[in-house]
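Breakdown of the fold
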Amino acid sequence: DNLELKIGNSFMHVDRYLFYNYASAFKKNYNHYMELPTHKVPINLMAKVYNWFLNGNNQLSLGEDFLAIYEMSKFLGIRRILEQFWFTFSTSSSLGLWELGAYKAYLKARDMPCSDLMSILLSRIRKCFLPIVASIEFLQMNATELSYLFKLNTICVNSEDEIFFAAVHWLEYDWSQRQEYIVQLMNNVRFRLISPWLQRSILHQPENNVISEVGTKDEVKALLWDSCVFGTAALTSKKSPASCDRIIMHHFSQINGIQRCWVYCPGVPHHHDIKCPNFRPLTYETFKDFLNCLHSYGQQFMDSIMYSPQKQWNKYKCCHN
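So, here is what we can say about the structure in this document. These figures come from a predicted structure and were not determined experimentally.

**Structural notes on unusual backbone geometry**
Excluding glycine, residues mostly have negative phi values, and the peptide bonds linking residues are mostly trans. Cis geometry marks the peptide bond from methionine 112 to proline 113; its omega dihedral reads -5°. Summarising the element assignment, proline 113 is placed in the loop between helix H5 (99-111) and helix H6 (115-122).

Spelled out as C-alpha cells, the structure:
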C-alpha cells in the first residue's frame, strides 16, 4: 500500500498502481500522497469501491448509495462502474430502474444535485405519472421540472385533459406565486388533443378562477385557436378528404408527432369510451376526486392500466356490456 489518500480527517492506504488503474482521472499522478474532497469522495464509499478493486468482482453492489457512487465514479474516472450504470439504464422495464423507483431516485438526484441523471430518471415515469400528480412531491416540483415532464410522449394518460388539469392543480397549490408560470406550462400542454368541450370551457365557462385566468392569456388563446384549426383539419379529412387544401392537410399531418402514451383503466369512469353507459365526463372537480382515490389505490390503478394507441381514431371496448 504505497499511496496515502486523505479524505477529510480520515486516511486510507491503497495500492497506487491498482488505484490509478481503475481511477483513470489520476493515471498521470505519480505522487505517493493525494487529498480528495469529501463532497466528491465520501470515505465510506471509497472504502467500499476500493474493496471492489481488490476483489476484482464483475459488478459492484450499488444499494441506496448508488447516486453518490455515480458522482464519485465520474469524478475519479472509474469507467467500469460507469458502464454498469449505463447498462442498468439500458435494460428493459422489468429489470431496470423505472416508474416509482425511478421517481424516488430522481428526488434524490435533485437534492444532491446530480444533473446528469435527473432527466434520464424523469423520462422513466410512465404508468405512475397520475399517481405522482396525486402526491405532495408533484406539487413541490418547480415549473422547469413540470415543463420537462409534460413534454414527454411516454407518460401514460387517458386524454390530454388530464395533463391540462395536472397543470391547473400545480398552479392552484400556490396560485399567488405561480401565476407567472401559466404560459410556460401551457406551452407544453397539447391543446390540439384537448377535448372540444374543455377547449370551449376554458374561454367561455371556466370551472374556477385559476382556469379563468389561464384562458385570459393571449398565448393560451393562440393555442386554442390553433387547436380549432387542427380540429377542422381532422374533421374535414375524415368526412371530405378531397376538399382539403394544403394548409388544412399540413395541420392534420402533424398528428403523429403529438401523441402521448394513451391508456385506460376500466375502474375509472372518465376513462371509458364516450359511448359507453359507464362513461362520466372529466371536470377539474372530478379530476381532484380521482387524485384523492389514487392516494389509496395508486398501485392498483397502475396494475390495471391497458394501452390504447392512437386512441382518438381507434375505439376501444372498455366494458363487456
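**Remarks on helix H3 (residues 66-76)**
H3 sits mainly inside the fold: eight of its 11 residues count as buried. Along H3, the positions that sit buried rather than exposed are Phe66, Leu67, Ile69, Tyr70, Glu71, Met72, Ser73 and Leu76. Where H3 is buried, its residues meet helix H1 (16-22), strand E3 (33-36), helix H2 (43-55), helix H4 (79-90), H5 and H6. Taken from the residues just after H3, glycine 77 is the one with a positive phi, measuring 75°.

**Digging into the pairing of strand E5 (residues 261-264)**
Here strand E4 (residues 156-157) runs beside E5; their pairing, made up of two bridges, is parallel. Across the sheet, residue cysteine 156 finds its bridge partner in E5, namely cysteine 261. Two strands pair when backbone bridges link them, and E5 and strand E6 (residues 306-307) are joined in this way by two bridges, in the antiparallel orientation. Within E6, the residue paired with tyrosine 264 across the bridge is methionine 306.

**What about the side chain of serine 73?**
Tracing the sequence through the fold places serine 73 in helix H3. By relative accessible area, which is 0% here, serine 73 ends up buried. For serine 73, the side chain forms a polar contact with the main-chain oxygen of isoleucine 69, separated by 2.8 Å.

**Digging into the pattern of salt bridges**
If you walk through the whole model with that rule in mind, you get 10 salt bridges. A single salt-bridge network, built from bridges that share partners, covers Glu71, Lys74 and Asp116.

**Thoughts on the sheet that holds E3**
Across the sheet, three strands lie side by side as E2-E1-E3; this open sheet has mixed pairing. Bordering the open sheet on either side are strand E2 (10-14) and E3, each of which pairs with just one other strand. Going across the sheet, the axis of each strand differs from the next one's by a mean of 25°, ignoring polarity. The pairing of strand E1 (residues 3-7) with E3 spans four bridges and is classified as parallel. Looking at E3, one finds that glutamate 4 is bridged to tyrosine 33.

Reading the values: the criteria
- Residues numbered from 1 in each chain as written.
- Predicted model: local features only at pLDDT ≥ 70, side-chain atom pairs only at ≥ 80, totals over all residues.
- Heavy atoms only, no water.
- Helix = DSSP H or I, 4+ residues; strand = E, 2+ residues; numbered from the N terminus.
- Buried < 20%, exposed > 50% of the residue type's maximum accessible area, 1.4 Å probe, protein only.
- Contact = heavy atoms within 4.5 Å.
- Pairing = 2+ DSSP bridges.
- Polar contact = N/O pair within 3.5 Å; in protein donor to acceptor, adjacent residues only side chain to side chain.
- Salt bridge = Lys/Arg side-chain N within 4 Å of Asp/Glu carboxyl O.
- Axes fitted to C-alpha atoms, helices over the stretch in contact; angles between N-to-C directions.

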